Amino acid sequence: MRWRSFRRWPVAEAAASAPSAAQSGGWIAIVEQPIDVTSLIARVSDGSVGAISTFLGTVRHVNDGRDVTGIEYHAYQPMAERELALIADETCTASPGLRLAIEHRVGTLGIGEVSVAIAASHPRRAPALAATTYVIEALKRRVPIWKCEHYVDGSRAWVDPTTSVAPSTPL
Amino acid sequence: MTIHVLLFASYADAFGARRLAVPVPVPCRVDDLVTALRGLPGGHVLPSKPLVAVNHAWVPGDVSITTQDEVAVIPPVAGG
């Protein structure tokens with residue numbers, strides 16, 4: 001599993017503007033193996049946190065009315081890692097004390113498997129809850145990852161959120 | 001000059017390649033590259049202003065590019 005630390009750059013600037021993402025710490029990764037959610041949570045957990053919020057994205061069996069058998073995830077890996085790090089850094093900078101761990105999986109996933117996991121910790125619950133929402137929304141808009149759905153009839157199609165007929169309201 | 005463009009997902013399928021050598025004018029902006037790409041077989045799938053990244057960062061169409069840059073033309077992202 002490839003883990004990568006993200007840090008404000010340059011480091012000297014981060015050190016001068018306390019507290020910063022560099023000091024809060026965090027981890028991001030694009031992975032091919034199943035995501036170990038327990039390990040991800042451990043990345044942001046210690047005795048100083050009072051709340052850990054998690055978000056898991058999973059593969060569902062129906063999309064836009066079509067029966068799905070699985071999803072192939074592809075990433076432009078170096079840019080996806082860079083963009084994830086930028087999102088994590090701006091989230092931590094906006095919320096001092098926040099710690100983040102984010103993994104997105106690539107490859108072929110079956111129904112119910114976890115495609116993305118976000119863990120956010122903070123001394124208080126509100127910043128932790130807000131961070132997971134911010135990160136998943138930013139990830140969906142900015143990180144170069146694509147999914148190709150495979151259907152029961154043997155066909156496949158790239159998902160284009162700009163033309164999806166799925167309802168846009170979250171509730 | 002020739003720019004080597006990275007393609008992904010539906011764009012890679014449309015052009016039949018994940019990396020494409022595209023002849024462009026000198027100097028070249030991102031918009032010029034997109035115009036050249038749209039003239040190639042498969043180019044009909046590109047909108048007039050597709051997402052483009054240079055050296056792993058999103059850029060607008062008026063940014064200049066050279067043969068030294070890593071240029072990617074990016075379909076609508078769908079992570080999560």
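Residues numbered from 1 in each chain as written. Chains lettered and ligands numbered in written order. Predicted model: local features only at pLDDT ≥ 70, side-chain atom pairs only at ≥ 80, totals over all residues. Heavy atoms only, no water.

Caption draft 1: View of the overall build of chain B. A count of helical and extended segments in chain B gives two helices and seven strands. Secondary structure elements in chain B, listed N-terminal to C-terminal, are β-α-β-β-α-β-β-β-β. Here chain B has a C-alpha radius of gyration of 11 Å; the compact-globule value for 80 residues is 12 Å, and the two agree. Projected onto its principal axes, the C-alpha positions of chain B cover 35 × 25 × 20 Å. Buried residues in chain B amount to 50% of all 80 residues. Looking at chain B alone, contacts between residues at least 24 apart form 48% of all its contacts between residues at least 6 apart. Of the roughly 3,700 Å² of accessible surface on chain B, a fraction of 56% belongs to carbon and sulfur atoms. Taken as two groups, the 5 positive and 6 negative side-chain charges of chain B have centres that lie 4 Å from each other. (Helix = DSSP H or I, 4+ residues; strand = E, 2+ residues; numbered from the N terminus. Rg over C-alpha atoms; globule rule 2.2 N^0.38 Å. Buried < 20%, exposed > 50% of the residue type's maximum accessible area, 1.4 Å probe, protein only. Contact = heavy atoms within 4.5 Å. Areas by Shrake-Rupley, 256 points an atom, 1.4 Å probe, with all protein chains shown as cover. Lys, Arg positive; Asp, Glu negative; His and termini not counted. Charge placed at Lys NZ, Arg CZ, Asp CG, Glu CD.)

Caption draft 2: Structural view of the interface of chain B and chain A. Facing the 18 residues of chain B at the interface are 25 residues of chain A. A combined buried area of about 1,800 Å² lies between chain B and chain A, and 62% of that area is made up of carbon and sulfur atoms. Between D13 of chain B and R156 of chain A there is a salt bridge, and its shortest N-O distance comes to 3.7 Å. Along the contact surface separating chain B from chain A lie 12 residue pairs in polar contact (both at pLDDT 80 or more). Of all elements in the fold, only helix 1 (9–15), strand 5 (57–59) and strand 7 (71–74) of chain B reach the threshold of two or more residues within the side of chain B that touches chain A. With three residues, helix 1 of chain B is the largest single contributor of residues to the side of chain B that touches chain A. (Buried area = accessible area lost by both parts, 1.4 Å probe. Salt bridge = Lys/Arg side-chain N within 4 Å of Asp/Glu carboxyl O. Polar contact = N/O pair within 3.5 Å; in protein donor to acceptor, adjacent residues only side chain to side chain.)

Caption draft 3: Fine view of the sheet that holds strand 5 of chain B. Residues and elements named next belong to chain B. With mixed pairing, the five strands of this open sheet are ordered in space as 2-1-7-4-5. What marks the edges here is a single partner per strand, and that holds for strand 2 (19–23) and strand 5. For this sheet the average axis-to-axis angle between neighbouring strands, irrespective of direction, equals 40°. Bridge count between strand 1 (residues 2–7) and strand 2: five bridges; the pairing is antiparallel. Across the sheet, the residue bridging to L6 is R19, located in strand 2. In the packing of helix 2 (residues 30–38) onto the sheet, contacts are made with strand 1, strand 2, strand 4 (51–54), strand 5 and strand 7, and the angle to strand 2 comes to roughly 105°. (Pairing = 2+ DSSP bridges. Axes fitted to C-alpha atoms, helices over the stretch in contact; angles between N-to-C directions.)

Caption draft 4: Local environment of the nonpolar core. By size, the foremost hydrophobic cluster in this structure holds 29 residues, and its most contacted members are L100 and I102 of chain A. Elements with a minimum of two residues in this core: strand 2 (26–31), strand 5 (66–75), helix 4 (77–94), strand 6 (99–105), strand 8 (114–122), helix 5 (125–142) and strand 9 (145–151) of chain A. Contacts of I102 of chain A, omitting those with residues within four sequence positions, involve W27, I28, A29, L40, L84, A88, A117, I118, V135 and L139 of chain A. Within the second largest apolar cluster, 21 residues are counted, among which are V5, L20, V22 and V24 of chain B. (Core = buried A, V, L, I, M, F, W, Y, C linked by side-chain atoms within 4.5 Å.)

Worth remembering: the numbers are spatial, not functional.
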